[in-house]
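# An overview of the molecular structure
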Amino acid sequence: MAVKDRDRFSTATRLRLLGEQTAARVYRSQTRRQARRSRLTGRAALLALVVCTLVVALAYPMRQYVSQRAQISDLERQQQQERQRVEQLRDLKARWQDDAYAQQQIRQRLHYVMPGETGYVVIDPDAAKQSRADRGAADRPWYANVWYGVDKSDASDQ
């Protein structure tokens, strides 16, 4: 027993026990840390930061690209419509160069007749009655219209 007691107080034994205790504490703290540690490592955080930075950096140029592509397609559509309009106007100009077409349009729009022809204008009787009813003031004598105007302006002041 004397050897064991002496061995218990020796420096080497103390250092060995101290090392074992320290190793046990470190092992316990590592297992606790591993249990608490999240799956997000430093590399993963850096990767997430780089991806977020790229998304933010590319968001505005992508939005500009998409809006410019939409604007280009609108302008192309408008250009196509204008080309069609130009073709219609060229066709109309070519038709007006023809004397027969010009004569037909003059007769239709201006109600011209050729010498020796009799021109007729058909008026819808319902439309004539309607326009006469709208006129109202023409059916009254002039002094009634004057008093009507005075009464109307007097009523608007109130």
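Rules behind the numbers
Every chain is numbered on its own, with residues counted from 1 as its sequence reads. Only residues with pLDDT of at least 70 get local features here, since the model is predicted, and only at 80 or more are side-chain atom pairs given and counted; chain-wide, interface and lining totals rely on the full set of residues. Each side-chain value is worked out from all heavy atoms of the structure, with water and hydrogens disregarded. Per residue, pLDDT captures the predictor's confidence, and it can take any value from 0 to 100. A run of H or I in DSSP becomes a helix once it reaches four residues, and a run of E becomes a strand once it reaches two; helices and strands are each numbered from the N terminus. In what follows, salt bridge is the name for a side-chain nitrogen of Lys or Arg lying within 4 Å of a carboxyl oxygen of Asp or Glu. Residue exposure (1.4 Å probe, protein chains only): buried if accessible area is under 20% of the type maximum, exposed if over 50%, otherwise partly exposed. Ring pairs shown here join Phe, Tyr and Trp side chains whose ring centres sit within 6.5 Å, with only the six-membered ring taken for Trp; geometry is labelled stacked below 30 degrees between planes, edge-to-face above 60, and tilted in between.

## Some thoughts on the confidence of the model for the chain
- Taken as a whole, the chain shows an average pLDDT of 83; of its residues, 80% reach a score of 70 or greater.
- The weakest mean pLDDT in the chain belongs to helix H1 (residues 2-8) at 56; the strongest belongs to helix H3 (residues 42-97) at 94.

## Points about unusual backbone geometry
- Even without being a glycine, His111 presents a positive backbone phi close to 60 degrees.
- Looking at where His111 falls in the secondary structure, it is placed in the loop between helix H4 (99-110) and helix H5 (125-135).

## Thoughts on the pattern of salt bridges
- In this structure the tally under the stated criterion is three salt bridges.
- Between Arg90 and Glu87 there is a salt bridge whose closest N-O contact spans 3.3 Å. A residue pair is termed a helical-turn pair when its members lie 3 or 4 positions apart in one helix, as Arg90 and Glu87 do in helix H3 at three residues.
- A relative accessible area of 54% places Arg90 in the exposed class.
- By relative accessible area, Glu87 is classed as partly exposed at 42%.

## Examining the packing of aromatic side chains
- Under the counting rule described, the total for this entry stands at two aromatic pairs.
- Between the aromatic rings of Trp96 and Tyr101, the centroid separation amounts to 5.4 Å while the plane-to-plane angle is 80 degrees, which identifies the pairing as edge-to-face.
- Its relative accessible area of 15% is what places Tyr101 among the buried residues.
- Seen from their ring centres, Trp142 and Tyr143 are 5.9 Å apart, and the 85 degrees between their planes marks the pair as edge-to-face.

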